[in-house]
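Per-entry structural report
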Amino acid sequence: VLAELGVANYMAIPRNKLCGLVAATFTPMTQDNEINLSVIGQYVDYLVKVQGIKNIFVNGTTGEGLSLTVEERKLLAEEWISQGKDKLDQVIIHVGSLSIKESQQLAKHAAEYNASGIAVISPFFFKPQSIEALIEFLKEVASAAPSTPFYYYHLPEFTGVSLNIVELLDGIEKRIPTFQGIKFTSSDLLDFGQCVHKYKDKFALLYGKDEMLTVTEKGDFNMAREHQAVVQEFIGSVNRFGFGVAENKVTMILVSGIPLGPPRLPLLECSEEKRAKILAKLKILGILT
């Protein structure tokens, strides 16, 4: 299994309803760079039937959520929820934005369409300078969807907001009653380890750096190591020539056959040279024949 191809975000412990693997979905685009809702049904079926994935995370980093308009994000949320009905267990909608008003608007919309949960990334132009400022922001967004499970999406490598999440979790449920957990996408395993140690029985702790951890739910650690070695070999290889959302999207197209289209500017489309290298590596590793 490959990072971000329907296997992203392994939860630390399967206590809450949201557990196991959660796919960070790509946003399908036409060649004219418009969102392509028509292939989402096919995408859902691929995740469920081929990859065995029952939970998804929509409009996040992989989905280029911050490059989309509010209206596009709403349409995508509606389509993923509609197509996932009776097929997916949980559809988590990322509603983060630089504008708190936009985040609240998206949160309210997701709740109206019965999203399983909402997630919010930290603002990253005017950044919260303290845990208190961040919690206040999250609290106001969560208040727009007062009955919908709420998650904080921690991505310091993109946002530049490197506050300690273990401190964020201390008593947060008193400030945000709907708070359910975090999507922790950072290589700071000290912080994440403390979160697991202190809060594994209280919150859902999803780890988004999937190239670093492999699910061992069945207890077959040898098989887990073998799968992890394949994941790390692929990611390590492609990272050497530059591997971002555009290249990741091409990898998904090659593996799944789903016409996901190009990324949106300012991301440039994956070059044919990179595409050939990705394809060759997938074949060498036996992921594609």
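Up top is the structure.
All of the points below concern the structure found in this document. None of these values were measured; they are calculated from a predicted model.

1. Observations concerning unusual backbone geometry
Cis geometry marks the peptide bond from leucine 265 to proline 266; its omega dihedral reads 20 degrees. By the secondary structure assignment, proline 266 is in the loop between helix H10 (245-256) and helix H11 (272-284). The backbone of glutamate 64 shows a phi angle near 55 degrees, a positive value even though the residue is not glycine. Here glutamate 64 lies in the loop between strand S3 (55-58) and helix H2 (70-84). The backbone phi angle of aspartate 86 is positive, close to 70 degrees, even though this residue is not glycine. Looking at the element boundaries, aspartate 86 is found in the loop between H2 and strand S4 (90-94). Taking relative accessible area as the criterion, aspartate 86 reaches 75% and is therefore assigned exposed.

2. Points about the packing of aromatic side chains
Counted by the stated rule, this structure contains ten aromatic pairs. With centroids separated by 5.0 Å and ring planes inclined at 65 degrees, the aromatic side chains of tyrosine 43 and tryptophan 80 adopt a geometry described as edge-to-face. In this pair, tyrosine 43 is assigned in helix H1 (residues 40-50) and tryptophan 80 in helix H2, connecting sequence segments 37 residues apart. Note on tyrosine 43: relative accessible area 1%, which makes it buried. For tryptophan 80, a relative accessible area of 1% translates into the label buried. Consider the rings of phenylalanine 184 and phenylalanine 192, whose centres lie 5.0 Å apart with planes at 45 degrees: the pair is tilted. With relative accessibility at 0%, the residue phenylalanine 184 sits in the buried group. On the basis of relative accessibility, which here comes to 7%, the residue phenylalanine 192 falls in the buried class.

The rules behind these values
Residues numbered from 1 in each chain as written. Predicted model: local features only at pLDDT ≥ 70, side-chain atom pairs only at ≥ 80, totals over all residues. Heavy atoms only, no water. Helix = DSSP H or I, 4+ residues; strand = E, 2+ residues; numbered from the N terminus. Buried < 20%, exposed > 50% of the residue type's maximum accessible area, 1.4 Å probe, protein only. Phe/Tyr/Trp six-rings, centres within 6.5 Å; stacked < 30°, edge-to-face > 60°.

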